[in-house]
Amino acid sequence: MGHPKLQGQGAVVTGGAGGIGRALASRLVAEGARVVVNDVDADRLAATAEEIGAIAVPGDASSAEGVETLIATATHALGRIDLYFANAGIDRTTPDPLQLPDAEWERMIDVNVMAHIRAARTLVPSWVEDGRGGRFVVTASAAGLLTMIGAAAYSTTKHAAVGFAEWLSVTYGDRGVVVQAICPQGVQTAMLDQAGPLKDLLSHDDALDPTAVADAWISSLDDDRFLVLPHPEVGGYYRTRAADTDQWIAGMRRLQAKVDRLEG
């Protein structure tokens, strides 16, 4: 029997062709939700949708036009969108992150931040207006609570993603809109495999299978908590950072020096 908060609900998951997105979508289907998955990789998305029992709506969910099309198509297919997972994310980290071109920064801001804003801009007012509410879930990262060595744009955009989600919760949390931010460390996805020397660092507290991230989110439904931490130790790091930011930064500098030695 599925989770009572999910049975019969209409859900959209962006970045749903693989990784965390696929795991979330698969779990939603298993819990009795009706699910639309979205991804720019149309072929992989179609295969995923068929395998897990979801509806495939390919496209770019970061652009204003893409978000509008996704929400309209998903609403037609589901009747109503009750849950929206702004899960799609990218990392364009280069060997010299400070010199990342403006175009790459703009693309990461679009996918990792503006996609969330554009979706919320359409969905949240309708959730409030009809009185039935909704749930907006952002897949951010521990990088959005702490930082990520060697990844200026990724860290910055994930901080922005958490910041927007927090604002959304503060503003609409008492109007029927549940907002959550999933903030894992290393997860066994293509993004982790492409992390180079950072892979071991990101996996320090175990690189989780994406299904473990989905499990952590399901557990969060018990209290609808804002921060979903698949790696519980991230909560301790976050508290340490807040308690003594200078000490935290000093420790991160030591990690940076370690990475520099690995790369040197």
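What counts and what doesn't
- Residues numbered from 1 in each chain as written.
- Predicted model: local features only at pLDDT ≥ 70, side-chain atom pairs only at ≥ 80, totals over all residues.
- Heavy atoms only, no water.
- Salt bridge = Lys/Arg side-chain N within 4 Å of Asp/Glu carboxyl O.
- Axes fitted to C-alpha atoms, helices over the stretch in contact; angles between N-to-C directions.
- Helix = DSSP H or I, 4+ residues; strand = E, 2+ residues; numbered from the N terminus.
- Parallel < 35°, antiparallel > 145°, perpendicular 65-115°, else oblique.
- Left-handed = near helix turned anticlockwise from the far one by under 90°.
- Contact = heavy atoms within 4.5 Å.
- Core = buried A, V, L, I, M, F, W, Y, C linked by side-chain atoms within 4.5 Å.
- Buried < 20%, exposed > 50% of the residue type's maximum accessible area, 1.4 Å probe, protein only.
- Pairing = 2+ DSSP bridges.
- Right-handed = clockwise from strand over helix to strand, strands pointing away.
- Expected span 1.5 Å × (residues − 1).
- Phe/Tyr/Trp six-rings, centres within 6.5 Å; stacked < 30°, edge-to-face > 60°.
- Polar contact = N/O pair within 3.5 Å; in protein donor to acceptor, adjacent residues only side chain to side chain.

Novice: How should the pattern of salt bridges be read in this particular structure?
Specialist: If the charged atoms of two oppositely charged side chains come close together, the side chains can form a pair. One pass over the full model with this rule turns up 11 salt bridges. Through salt bridges with shared partners, a single ionic network connects K5, R135 and D224.

Novice: Just to check I follow, could you spell out the packing of helix 3 (residues 64–78) against helix 4 (residues 102–130) for this structure?
Specialist: Any two packed helices are characterised by how steeply their axes cross, that is the angle between the axes, and by the distance between the axes. Here helix 3 crosses helix 4 at 45 degrees, and the two axes come no closer than 9 Å. Relative to helix 4, helix 3 is oriented oblique. As helix 3 runs across helix 4, the sense of the crossing is right-handed. For the pair helix 3 and helix 4, the contacting residues are A64, V67 and I71 in the first and A115, R118, A119, T122 and L123 in the second.

Novice: What exactly am I supposed to notice about the nonpolar core here?
Specialist: In globular proteins that are soluble, nonpolar side chains generally tend to be buried together. V12, I81, Y84, W127, F136 and L168 are the most contacted members of the largest nonpolar core, which has 41 residues in total. Examining the composition of this core, we find that seven residues originate from one element, helix 4, more than from any other. For W127, the residues in contact, after removing those within four places along its chain, are R80, I81, D82, Y84, R132, G133, G134, R135, F136 and V177.

Novice: I'm lost on the pairing of strand 4 (residues 83–86) in this one. Help?
Specialist: Residues L83 and F85 point to one face of strand 4 and Y84 and A86 to the other, with burial holding for every one of them. Bridging between strand 1 (residues 10–14) and strand 4 involves three bridges; their strand directions are parallel. Looking across to strand 4, one finds that V12 is bridged to Y84. Direction of pairing for strand 4 relative to strand 5 (residues 134–139): parallel, over a ladder of four bridges. Counterpart to L83 in the pairing with strand 5 is R135.

Novice: Quick question: what am I supposed to make of the pairing of strand 1 here?
Specialist: One face of the sheet, then the other: side chains in a regular strand alternate in exactly this way. The buried fraction of strand 1 is high, at five of five residues. As for the winding sense of the linkage, the β-α-β connection from strand 1 through helix 1 (residues 19–30) to strand 2 (residues 34–38) is right-handed.

Novice: Whenever I open this one, the sheet that holds strand 3 (residues 55–56) confuses me. Can you help?
Specialist: For sheets, the rule is that strands pair by backbone hydrogen bonds, running either parallel or antiparallel. One open sheet holds the seven strands; their spatial order is 3-2-1-4-5-6-7, and the pairing between them is parallel. Of all the strands in the sheet, just strand 3 and strand 7 (227–228) have a single pairing partner and so form its edges. Seen against the sheet, helix 8 (residues 210–220) touches strand 4, strand 5, strand 6 (177–182) and strand 7 and runs at an angle of roughly 145 degrees to strand 6.

Novice: Any chance you could explain helix 5 (residues 152–172) here in plain terms?
Specialist: If you check helix 5, its first and last C-alpha atoms are 30 Å apart, about what 21 residues at 1.5 Å a residue would give, namely 30 Å. The set of residues buried in helix 5 consists of A153, Y154, S155, T157, K158, A161, V162, F164, A165, L168 and Y172.

Novice: Help me out: how do you make sense of the packing of aromatic side chains in this one?
Specialist: Taken as a whole and assessed by the stated rule, the structure comprises five aromatic pairs. Considering the side-chain rings of Y84 and F136, the 5.6 Å spacing of their centres and the 15 degrees angle between planes classify their relative orientation as stacked. Here the residue Y84 occupies a position in strand 4, and F136 occupies one in strand 5, the gap between them amounting to 52 residues. Each of the two residues, Y84 as well as F136, counts as buried. Clustering of aromatic rings is evident, with ring pairs tying together F164, W167 and Y172.

Novice: Teacher, can you tell me more about the side chain of R80 here?
Specialist: Among the secondary structure elements, R80 is positioned in the loop between helix 3 and strand 4. On the accessibility criterion, R80 (11% relative accessible area) is buried. At a separation of 3.0 Å, a polar atom in the side chain of R80 contacts the side chain of D130. Beyond its immediate stretch of four places on either side in the chain, R80 contacts G10, T75, W127, D130, R132 and G133.

Novice: Just checking my understanding: could you explain helix 4 for this structure?
Specialist: Given 3.6 residues per helical turn, the α-helix brings residues three or four places apart onto the same face. Relative to the 42 Å expected for 29 residues at 1.5 Å per residue, helix 4 spans 40 Å between its end C-alpha atoms, a close match to the ideal helical length. Positive phi shows up at G131, right after helix 4, with a value of about 75 degrees.

Novice: Which parts of the structure should I look at to understand the side chain of H116?
Specialist: By the element assignment, H116 lies in helix 4. Reaching out from H116, the side chain makes a polar contact with the backbone oxygen of N112 at a distance of 3.5 Å. With near-sequence residues (within four places) excluded, H116 lies in contact with A86, A88, V111, F136, V138, A161 and F164.

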